[in-house]
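# Descriptive analysis of the structure
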Amino acid sequence: MADVLLKKTVLKDVKIFKDLEEEIIKTNKCCACGACVAYCSSQMFDVIKMEGYTPQFISNANVDNCKECGLCYYICPQTDPLMNHLNEKYQIKDEMGFVQDIIAAKTTDEKIKEMGQDGGLVTTLLTYLFDINKIDAAIVSEYDEKLNPIPKIIYSKEELLKSSGTRYSISSNILTLRDLYSIAEKIVEKNHQIYDINQIRMAFVGTPCQCRAIRKMQLLNISPAHVIKYVFGLFCMENYDYEKLFQLVKKVINEDPTNIAKMNIKKNFFITNKEGKVYEVELKKFDDAVRNHCHDCDEFTSRFADISFGGSGAVQKNSMVIIRTKLGEELIRDVTIAGYIDKFTPTKSTISDWKASKIDLLRRMTNNKINKS
Ligand SMILES: Cc1cc2nc3c(=O)[nH]c(=O)nc-3n(C[C@H](O)[C@H](O)[C@H](O)COP(=O)(O)OP(=O)(O)OC[C@H]3O[C@@H](n4cnc5c(N)ncnc54)[C@H](O)[C@@H]3O)c2cc1C
């Protein structure tokens, strides 16, 4: 399938990892999603690795191992060739992408309420999927004591809480898919019945660029993204280099970065310290810490997800939820019926144009992002 699509439609001269290096990595357009390394490693080609946030040849000796298949180039979320196919498949005609429905909602679980970034919807939906045995594992992002994101695969709902909340820096979530065999081993350890590695069922949580990479792999029907059954996309205005951001935090609000309890981006940047004091800072004050790849990005609401989640537009402690696929629609229906989430009901006077006004707001925010680029 991958071969047919590539040969038939897009590839005249196959581009390979060396082209990715020249066009995307060396020009600072790489979003460090880890898709290229995950694909290559899952094939056991032994060619590239992730060094920090940079995909690169394992060593000079490994350059010759490159099969020149070109797939790393074509699945990269920052390259163009597959985008027309992807847009067609996901019915994307404008900056908002396909919107099946839009709601605001919050979790009914007290612990998730406390830990979740907005309405705790992502963690709640993952909990539900574990509860009804629709997934064996989920790809999320945890964090260390300095709030640095750590990509992680989790195998049970009990491990989920630690991943709640947002880290506004890169978490190379796709990289976790490097080795499906060890993932399968862990799933078997947890007493799930896996007879074939291709039976693994995972949910993926990520930023718009990461969801785009997963969908490109799925378009080509290649490993390891074939095990992803649910794609949960996060709204994302921009992603920060935490080292630079924390220097600016110190300068702008004179707060010690180690005393930050939570950060949240809405219209402005909100920083809560460990004593509960909340600082509101204009986003542009932290512009110098924004990662370069975000400047070219035209996605805010994760157009390629089954369901997209953000805080913008929702009332306090709710998540804004864009349902994009039938799978997403069924999941939101079922999780609501099961009582895991409470949908927000607009007041009588706003109910008639509530959805249109939210879509309008998110469209404007998307265009702000595009125009800022
Ligand atoms: C870099 C970034 C920028 C964002 N910018 C905006 C914005 O401008 N406006 C807006 O409305 N929303 C933004 N969001 C989304 C928002 O912060 C929440 O993630 C979203 O509202 C879901 O909240 P929740 O309470 O439903 O999720 P929760 O239940 O709290 O779960 C959050 C999920 O996000 C995952 N996660 C956390 N950090 C990362 C990361 N760095 N990379 C990948 N996955 C991660 C966690 O593993 C967890 O599964 C951004 C998110 C990120 C990661």
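Up top you'll find the structure we're talking about.
Residues numbered from 1 in each chain as written. Predicted model: local features only at pLDDT ≥ 70, side-chain atom pairs only at ≥ 80, totals over all residues. Heavy atoms only, no water.

Once that is clear, we can look at the pattern of salt bridges. For the coordinates displayed, the defined rule picks out 19 salt bridges. Across the pair Asp131 and Lys157 runs a salt bridge, and its minimum N-O distance is 3.0 Å. Of the two residues, Asp131 is situated in helix H7 (residues 121–131) and Lys157 in the loop between strand E5 (149–154) and helix H8 (180–189); the sequence distance between them amounts to 26 residues. For Asp131, a relative accessible area of 34% translates into the label partly exposed. You can call Lys157 partly exposed: its relative accessible area is 35%. With its nearest N and O atoms 3.5 Å apart, the salt bridge here joins Asp360 to Arg364. Highlighted residues: Asp360 and Arg364, both in helix H12 (residues 354–372), separated by 4 residues, approximately one helical turn. Judged by its relative accessible area of 47%, Arg364 falls in the partly exposed class. (Salt bridge = Lys/Arg side-chain N within 4 Å of Asp/Glu carboxyl O. Helix = DSSP H or I, 4+ residues; strand = E, 2+ residues; numbered from the N terminus. Buried < 20%, exposed > 50% of the residue type's maximum accessible area, 1.4 Å probe, protein only.)

In this section: H7. Burial within H7 is extensive, with 10 of its 11 residues counted as buried. Buried within H7 we find Leu121, Val122, Thr123, Thr124, Leu125, Leu126, Thr127, Tyr128, Leu129 and Phe130. Asn133 sits one or two positions beyond H7 and adopts a positive phi of about 55°.

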